[in-house]
Amino acid sequence: MTRSRVGAGRALAGAAVAAAVAVMTLTGCSFRIEEASCGGGEYPVLAVNSSGSDCVPDDEEPAQGWARYPEGKVPEKVGDQWDTYWSTHTLDENGKIIDLPEGG
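Let me sum up the structure you'll find in this document. Since the model is a prediction, treat every value here as computed from it, not as a measurement.

## A look at the pattern of salt bridges
A side chain with one charge may pair with a side chain of the opposite charge, provided their charged atoms come close.
So, step 1. Summed over all chains, the structure comprises one salt bridge.
So, step 2. The partner of E61 in a salt bridge is R68, with the nearest N and O atoms 3.3 Å apart.
So, step 3. Note on R68: relative accessible area 40%, which makes it partly exposed.

Okay, structure coming up:
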């Protein structure tokens, strides 16, 4: 008897997932998986006068040639507003925001 309960539970769960997928498909809703810019215990940094980003442990300062993003302009998710912005901008050696040099 336990066996049939487990099978019925799995069938019910499978039906619920199928129904949710059908509703999202019919309504145009889609899942968007957002990837964090850095993992827990890290913060994002960008390359100075160049393209590129990296993550640094919270208890460390950025290495030479890298800088923290300006306050309020830190990308949090891949593809978010600031991640997109920094694909065409960077910081110069004085911390001024500049257009990304040709060739990155």
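## Section: the side chain of T90
So, step 1. Structurally, T90 is set in strand 4 (residues 89–91).
So, step 2. Residue T90 is classed as buried on the basis of its relative accessible area, which comes to 0%.

## Describing the sheet that holds strand 3 (residues 66–68)
So, step 1. Pairing is antiparallel across the open sheet formed by three strands, whose spatial order is 2-1-3. With partners counted over all chains shown, the strands left at the sheet margins are strand 2 (53–57) and strand 3, one partner each. Each strand of the sheet is rotated relative to its neighbour by a mean of 45°, with strand direction disregarded.

## Describing a negative patch on the surface
So, step 1. Together, E42, D54, D58, D59 and E60 make up a region of like negative charge exposed at the surface.
So, step 2. Counting through the fold element by element, D54 comes out in strand 2.

Cut-offs applied
Residues numbered from 1 in each chain as written. Predicted model: local features only at pLDDT ≥ 70, side-chain atom pairs only at ≥ 80, totals over all residues. Heavy atoms only, no water. Salt bridge = Lys/Arg side-chain N within 4 Å of Asp/Glu carboxyl O. Buried < 20%, exposed > 50% of the residue type's maximum accessible area, 1.4 Å probe, protein only. Helix = DSSP H or I, 4+ residues; strand = E, 2+ residues; numbered from the N terminus. Pairing = 2+ DSSP bridges. Axes fitted to C-alpha atoms, helices over the stretch in contact; angles between N-to-C directions. Patch = residues over 30% accessible without salt bridge, like charges linked within 9 Å, V, L, I, M, F, W, Y side chains within 5 Å. Areas by Shrake-Rupley, 256 points an atom, 1.4 Å probe, with all protein chains shown as cover. Lys, Arg positive; Asp, Glu negative; His and termini not counted. Charge placed at Lys NZ, Arg CZ, Asp CG, Glu CD.

These results come straight from atomic positions and should not be treated as a statement about function.
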